[in-house]
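Examining the three-dimensional arrangement
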Amino acid sequence: MKSRLIRVLQHLIQEAHGHVSQPPSCHSCSHHLNSDYVSQMETWSQLETMRRLLCQRSAIPELPTEILDDIDAVITHRNNKAMLTSSISIAPSVVFKPSTHMATDKSNSKATNISLWKGDITSLTGVTAIVNAANSQLLGCFRPDHRCIDNIIHSAAGPRLRDACNVLMLKQGHPEPVGSAKATPGFNLPAQWVLHTVGPQVNSRKSPGTLQQEQLASCYRSCLTAAESLPALPDGRKVVVFCCISTGLFAFPQNMAAKIALETVVQWCLDHPATSVTDIIFDTFLERDYELYQSNLSELETSLVSPGTQVSFQLSPPSQPKPLVTPTISKARSWLQEADHLIISAGAGLSAAIGLDYTSSSLFQKNFPGFLHLGLGRLYDVFGFNEWDSPNQKWGYYFLHLNMVRTWPASKLYKTLRNLATRFNDRYFVRTTNADGLFIANGFPAEKVSTPQGQYQFLQCFAKCRPDAVFPSDPFVDAALPFIDPKTQVLTDETKIPSCQYCGGQLTLCVRGGDYFNSTPFRVQERKWKEYMNDATSNLADRRTVILELGVGLNTPAVLRWANEELVEHLSNSSLRLIRAGIGASGCAPWDLEERDLATGIEGDLNLVLEALAG
């Protein structure tokens, strides 16, 4: 598979050199690449380069058949690494059951279920059609940095989807009208079909008018009407999955969009008691959208009147659907079950999976609104930030951040991971680049955890005046919190700004960020880590060791990611295996190691991954 991926990249690069001009902002532009360089890139970078080149590529000229076949094989292989959820496992929130006399054909008098689900629409199986919020050209998004649903669906489906859309548009001869829908095959998607609909685009400074509200409603009606002509699944169901149409770049207000979507679909179900559509799922990728849909469903329950149709609401919080056990999950499970030692490597993706996401703008806005005017919008933005208005402002932020992390609630994910680790008795160890201390806070013994990048648990002398100039952070936080202004979030008492008790100099977080970092508090655990590794990787002919790498991306790959790969490569004839899991790069293992059965990648939410691995 690795050779097919390289062959695709070589073709796309050569084609782009001759025919496609690339925007200068594209950091994976073809004019920076050559065949030798591409073959040396890690698998994730190769996949991302292929995605970006295909995203920018026109449907004309057509790709050669053999290249299309290679692309299909590569995308299918990549998609097979994803965590999948069956539509059958999603509990309905509303059930419509037409009365017998209302159905013109008793064979079509099945119930219609409406459900809510939060996840990646391209990872849902047992689906007739997923809805794509398209633009009027219907050819997908040509900007690879856009994380719009159009890009996500086209990326997972492959270039045949753009080709099919292009055929439709050439035949039609004009842009797709707002509010209508077109069906194409799903190609490499789990869904058999894609329903493309163009939602209304709204001026973000104005409320949508009557016409735009009707156009959005028309999108939902048109998709359901188009679904009527699609074949049912082998089990007789017909399942349509909606994304949140127009609420992204098209700026339709989320709450109004959710209300229109639900009211329109409910009314359509009441108007079509003999519909062949058995299941309608609203996929709300964002937590905010999920909450809005739940709230609007509750309002519908009290206002809905449906003569001739039995309607039941099941609005209790639905249980999380169990992920499917794919061949990739089965392999990883067997490696864990057969292993004698377990190495847990954890990066920022693990914390993000329980909500402590350093890339989240909503998390920052909720906890640190007093700092938005500085241009800060994510926790990551504070790293290296030096434009504070005053030391009081800086320490107001630091103390609030430290308090947020130390009071973060216990997590089911960490409990599942701890239960998995305890299967190995004392034969496991954790090494993490996370400074949040959540392993220990969630019950892992401190002596089994190494944090080479530091911990928020400590403040250190910035000048590193002496090795022991490191101090517990909790007393400083406790003393300062009563003096932080609740509105501005600025520390009002400058005497609470911490200083080194030895030299009187400034303190900073004891986290690796430059030469100032004092690693003294972490050396004991690093020695224990090395002792454990010597034991776990010796005599591997007689024992088996698994590295379970969770949420380790490309921010600091040299600390864990590359070290794990090198270890597996170096001991390639032994019983050492790498399971790499997470979102994006964090879930992509080197395909050359996978082909030698030394590694496997699992792409998906770590909550689902660990639940599946734990069995």
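Preceding this paragraph is the structure being described.
Keep in mind that this is a model prediction, so the values were computed, not measured.

**Focus on the environment of Cys244**
- Turning to its location among the elements, Cys244 is positioned in the loop between strand E8 (239–242) and helix H8 (254–271).
- Along the sequence, Cys244 and Ala332 sit 88 residues apart, while their C-alpha atoms lie 34 Å from each other.
- Discounting residues that sit within four places of it in the chain, Cys244 has contacts with Tyr220, Asp283, Thr284, Asp289 and Tyr293.

**Let's talk about the layout of surface pockets**
- One number sums up the size of the second largest pocket: a volume of about 300 Å³.
- For the second largest pocket, the lining is made up of 15 residues, of which Arg406, Asp436, Gly437, Gln457 and Asp474 are closest to its centre.

**Describing unusual backbone geometry**
- Following Ile60, the chain continues into Pro61 via a peptide bond in cis, with omega recorded as 0 degrees.
- Relative to the helices and strands, Pro61 is located in the loop between helix H3 (43–56) and helix H4 (65–79).
- One non-glycine residue, Phe187, lies in the positive phi region at around 55 degrees.
- Examined against the element boundaries, Phe187 turns out to sit in the loop between strand E6 (181–185) and strand E7 (193–198).

**Topic: empty space enclosed by the protein**
- In this structure the tally under the stated criterion is five cavities of 30 Å³ or more.
- What lines the largest cavity is a set of 13 residues, among which Arg51, Leu54, Cys55, His154 and Ser155 lie closest to the centre.
- Sorting elements by how many residues they give to the lining of the largest cavity places H3 first, with four residues.
- Looking at side-chain class alone, the lining of the largest cavity contains six nonpolar, four polar and three charged residues.
- Residues lining the lining of the largest cavity come from more than one domain, with at least three contributed by each of domain 1 (1–19 + 30–80) and domain 2 (85–98 + 109–313).

**Some points on the sheet that holds strand E13 (residues 449–450)**
- In spatial order, the strands read E13-E12-E11-E17-E18-E19; together these six strands make up an open sheet with parallel pairing. Looking along the sheet, the strands with just one partner apiece sit at the ends: E13 and strand E19 (599–603).
- By the bridge criterion, six bridges tie strand E11 (residues 341–346) to strand E17 (residues 545–550) in an arrangement that is parallel. The partner of Ala346 across the bridge, within E17, is Leu550.
- The sheet strands contacting helix H18 (residues 561–570) are E11, E17 and strand E18 (576–582), and the helix crosses E18 at an angle near 150 degrees.

**Quick word on the side chain of Ser450**
- Inspection of the secondary structure assignment puts Ser450 in strand E13.
- The class for Ser450 is buried, based on a relative accessible area of 0%.
- Beyond its immediate sequence surroundings of up to four residues, Ser450 is in contact with Phe429, Val430, Arg431, Thr432, Gln525, Glu526 and Trp529.

**Brief notes about the sheet that holds strand E14 (residues 454–461)**
- Taken in spatial order, the three strands make up an open sheet running E15-E14-E16, and their pairing is antiparallel. Both edges of this open sheet fall to strand E15 (470–472) and strand E16 (507–511), since each of them pairs with a single strand only. Going across the sheet, the axis of each strand differs from the next one's by a mean of 45 degrees, ignoring polarity.
- Relative to E15, E14 runs antiparallel, the two sharing three bridges. Across the sheet, Gln460 pairs through a bridge with Val470, a residue of E15.

**Some details on the nonpolar core**
- Grouped together as the largest cluster of nonpolar side chains are 70 residues, with contacts concentrated most on Leu417, Phe439 and Phe444.
- Considering each element in turn, this core owes the most residues, eight residues, to helix H13 (residues 391–406).
- Those residues in contact with Phe439 that lie beyond four places of it in its chain are Ile344, Ala346, Leu350, Tyr414, Leu417, Val430, Thr432, Phe444 and Val449.
- Core analysis: the next-biggest nonpolar cluster, separate from the first, contains 63 residues, Val94, Ala129, Cys165 and Ile280 among them.

**Some points on the packing of aromatic side chains**
- Overall, the coordinates contain 28 aromatic pairs when judged by the stated rule.
- With 6.5 Å between their ring centres and 50 degrees between their planes, Phe368 and Phe371 make a pair best called tilted.
- An aromatic cluster of at least three residues, connected via ring pairs, comprises Phe364, Phe368, Phe371, Phe385, Trp388, Trp395, Tyr397, Tyr398 and Phe399.
- Looking at Arg162, its charged tip hangs above the ring of Phe142, at a distance of 3.8 Å from the centre.

**Structural notes on the environment of Arg596**
- Note that Arg596 resides in the loop between helix H19 (591–595) and E19.
- Classification of Arg596 by relative accessible area gives partly exposed; the value is 39%.
- A C-alpha to C-alpha distance of 8.7 Å links Arg596 and Ser572, two positions 24 residues apart in sequence.
- The contacts of Arg596, once residues within four sequence positions are left out, are Glu569 and Ser572.
- In this structure the side chain of Arg596 is engaged in a polar contact, spanning 3.2 Å, whose partner is the side chain of Glu569.

Criteria and thresholds
Residues numbered from 1 in each chain as written. Predicted model: local features only at pLDDT ≥ 70, side-chain atom pairs only at ≥ 80, totals over all residues. Heavy atoms only, no water. Helix = DSSP H or I, 4+ residues; strand = E, 2+ residues; numbered from the N terminus. Contact = heavy atoms within 4.5 Å. 1 Å grid on protein atoms, 1.4 Å probe; cavity = no way out; pocket = protein on both sides within 12 Å on 5 of 7 lines; lining within 4 Å. Points joined across faces, edges and corners; volume = space filled by probe spheres on them. Nonpolar A, V, L, I, M, F, W, Y, C, P; charged D, E, K, R; others polar. Domains from an automatic or database assignment. Pairing = 2+ DSSP bridges. Axes fitted to C-alpha atoms, helices over the stretch in contact; angles between N-to-C directions. Buried < 20%, exposed > 50% of the residue type's maximum accessible area, 1.4 Å probe, protein only. Core = buried A, V, L, I, M, F, W, Y, C linked by side-chain atoms within 4.5 Å. Phe/Tyr/Trp six-rings, centres within 6.5 Å; stacked < 30°, edge-to-face > 60°. Lys NZ or Arg CZ within 6 Å of the ring centre and 35° of its normal. Polar contact = N/O pair within 3.5 Å; in protein donor to acceptor, adjacent residues only side chain to side chain.

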